Amino acid sequence: MSIKPIIRPVTPQDLEALADMVRHLARFHGDVPSVTTATLARDCLGQAPWLHVLVAEVNEALCGYAMLFPLARAQHGERGMDLHHLYVHKGLRGLGIGRALVRASEALAARLNARFLTVSAVQENDVAGQTYLSLGFEEAPNTARRFRRELPG
């Protein structure tokens, strides 16, 4: 069975429901969420959003979202997008909503002149891995070490 969701850009009226979904995804990954509607408004809305957010709506209720941010491979002169978050309410998974969000994310990235789209999944999430492979993604080797430093402010 498949559901045909409405996929559209996030609006200010969506921020509370979006914040709830972001918190749920954070807890699933063992994070302690501190996201607020104010931080989402700052990052997702306005003239030059830091994050590009698409929401999925079924029966006039939000049931999922995709959150993307820009990447670049400067040495190749290429722009890309990272599908940073993909979330669908648990009771609606497996009905095509996630796939619709990925396809809409691909279309958004193409409109923004991106040449590639990346997505990550934790090693243990075989369902996500198989889904991304079935959608045409290829597994990329992880050859780089990543470092992080908190900044004042």
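Residues numbered from 1 in each chain as written. Predicted model: local features only at pLDDT ≥ 70, side-chain atom pairs only at ≥ 80, totals over all residues. Heavy atoms only, no water.

Draft legend 1. Structural detail: the packing of aromatic side chains. Evaluated as defined, the whole model comprises two aromatic pairs. Centroid distance Y65 to Y87: 6.0 Å. Interplanar angle 35°. Geometry classified as tilted. Pair noted here: Y65 is in strand β3 (residues 61-73) and Y87 is in strand β4 (residues 78-88), with a separation of 22 residues, a long-range link. With relative accessibility at 0%, the residue Y65 sits in the buried group. Each ring, one from Y132 and one from F137, has its centre 5.7 Å from the other, and the planes form 70°; the classification is edge-to-face. Taken as a pair, Y132 and F137 share a single burial class, namely buried. Sitting above the plane of the F116 ring, R73 keeps its charged end 5.2 Å from the centroid. (Phe/Tyr/Trp six-rings, centres within 6.5 Å; stacked < 30°, edge-to-face > 60°. Helix = DSSP H or I, 4+ residues; strand = E, 2+ residues; numbered from the N terminus. Buried < 20%, exposed > 50% of the residue type's maximum accessible area, 1.4 Å probe, protein only. Lys NZ or Arg CZ within 6 Å of the ring centre and 35° of its normal.)

Draft legend 2. How the structure looks around helix α2 (residues 37-44). Looking only at α2, the buried set comprises L40, D43 and C44. Viewed end-on, α2 has its buried residues packed into an arc of 80°, placing them on one side of the element. Exposed residues pointing more than 90 degrees away from the buried face of α2 are listed as A38 and R42. The elements touched by buried residues of α2 are α1 (15-28), β2 (52-58) and β3. G46, located one to two residues past α2, shows a positive phi value of around 100°. (Arc of directions from axis to C-beta. Contact = heavy atoms within 4.5 Å.)

Draft legend 3. Broad picture of the confidence of the model for the protein chain. Per-chain confidence: the protein chain averages 94 in pLDDT, with 100% of residues scoring 70 or above. In the model of the protein chain, helix α4 (residues 126-134) stands out as the element of lowest mean pLDDT, 90, in contrast to strand β1 (residues 6-9), which has the highest, 98. (pLDDT = per-residue confidence, 0-100.)

Draft legend 4. Highlighting the nonpolar core. Counting residues in hydrophobic clusters, the biggest one holds 21 residues, and the most contacted among them are I97 and L101. At the level of secondary structure, the elements contributing two or more residues to this core comprise β2, β3, β4, α3 (97-111) and α4. If you tally residues by element for this core, the top one is α3, at six residues. Apart from the residues lying within four places of it in its own chain, the contact partners of I97 are P5, A56, V58, C63, V88 and L92. Counting 17 residues, the second-largest nonpolar core is a separate cluster that includes L18, A19, V35 and C44. (Core = buried A, V, L, I, M, F, W, Y, C linked by side-chain atoms within 4.5 Å.)

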